[in-house]
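# Fold and geometry: a report
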Amino acid sequence: MEQNHTKRQIKVTRNSLFEQGYLDEQFTQLEDLQDDANPNFVEEIVTSFFSDSTRLIRNVETALENYPLDFCKLDDYMHQFMGSSSSIGAKKVRNECTQFQEYCKARNDDGCIRAFQRVKQEHATLKRKLEAYFQVSL
């Protein structure tokens, strides 16, 4: 009985991440790579993503403190962030990265700053939700 409840809770939690637009099919592809030989594969990849993306967030924060803004550098950082986000299926984070890059192309200081706040917000929300998901699925 308890095991069925846990399995149902895991499924509901996972499905909500897709329904709410936090994840896309790339996350499913990662799950397909997980097997008995590496049962924590997805969690390890996601943990690596959050480690790398935290470093990229710090880099962007530092670059946003320097005026005039170096839009090429900011775009490069966000390109890396977007690629990492795409690799784990972090759909909302990736979409916000795209918006940030649009502001970089337009050389819009305020737009970059606002978009970066949304990137960080979506990143933090996804991290919290995935941590809860992995905690339930243990």
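Each value, and the rule that gives it
- Residues numbered from 1 in each chain as written.
- Predicted model: local features only at pLDDT ≥ 70, side-chain atom pairs only at ≥ 80, totals over all residues.
- Heavy atoms only, no water.
- Helix = DSSP H or I, 4+ residues; strand = E, 2+ residues; numbered from the N terminus.
- Buried < 20%, exposed > 50% of the residue type's maximum accessible area, 1.4 Å probe, protein only.
- Contact = heavy atoms within 4.5 Å.
- Areas by Shrake-Rupley, 256 points an atom, 1.4 Å probe, with all protein chains shown as cover.
- Lys, Arg positive; Asp, Glu negative; His and termini not counted.
- Charge placed at Lys NZ, Arg CZ, Asp CG, Glu CD.
- Salt bridge = Lys/Arg side-chain N within 4 Å of Asp/Glu carboxyl O.
- Core = buried A, V, L, I, M, F, W, Y, C linked by side-chain atoms within 4.5 Å.

### Let's talk about the overall build of the protein chain
In terms of regular secondary structure, the protein chain is built from six helices and zero strands. Shown N-terminal to C-terminal, the secondary structure of the protein chain runs as helices and strands in the order α-α-α-α-α-α. The principal-axis extents of the C-alpha atoms in the protein chain amount to approximately 60 × 30 × 20 Å. Counting over 138 residues, the protein chain shows a buried share of 36%. Across the protein chain, the fraction of contacts at a sequence separation of at least 24, relative to all contacts at a separation of at least 6, is 64%. When the accessible surface of the protein chain is totalled, it reaches about 8200 Å², and 47% of it is carbon and sulfur. Of the side-chain charges in the protein chain, 18 are positive and 22 negative, and the distance between the mean point of each set is 4 Å.

### Brief notes about the pattern of salt bridges
Counted by the stated rule, this structure contains five salt bridges. Here D24 ties to R94 by a salt bridge, and the two come within 2.7 Å at their closest N and O atoms. One end of the pair, D24, is in the loop between α1 (2–19) and α2 (25–33); the other, R94, is in helix α5 (residues 91–105), with 70 residues separating them in the sequence. Residue classification places D24 among the buried residues on the basis of a relative accessible area of 9%. Between E96 and R118 there is a salt bridge, with the nearest N and O atoms lying 3.1 Å from each other.

### As for the nonpolar core
Side chains that are nonpolar tend, in soluble globular proteins, to be buried together. Within the largest apolar cluster, 36 residues are counted, with the highest numbers of intra-cluster contacts made by L74, F81, F100, L126 and L130. Put simply, the parts of the chain that give this core at least two residues each are α2, α3 (41–64), α4 (71–88), α5 and α6 (109–137). Tallying contributions element by element places α3 first for this core, with 10 residues. Sequence-distant contacts of F81, that is, excluding residues within four places in its chain, are made with F49, S53, L56, I57, V93, C97, V119 and H123.

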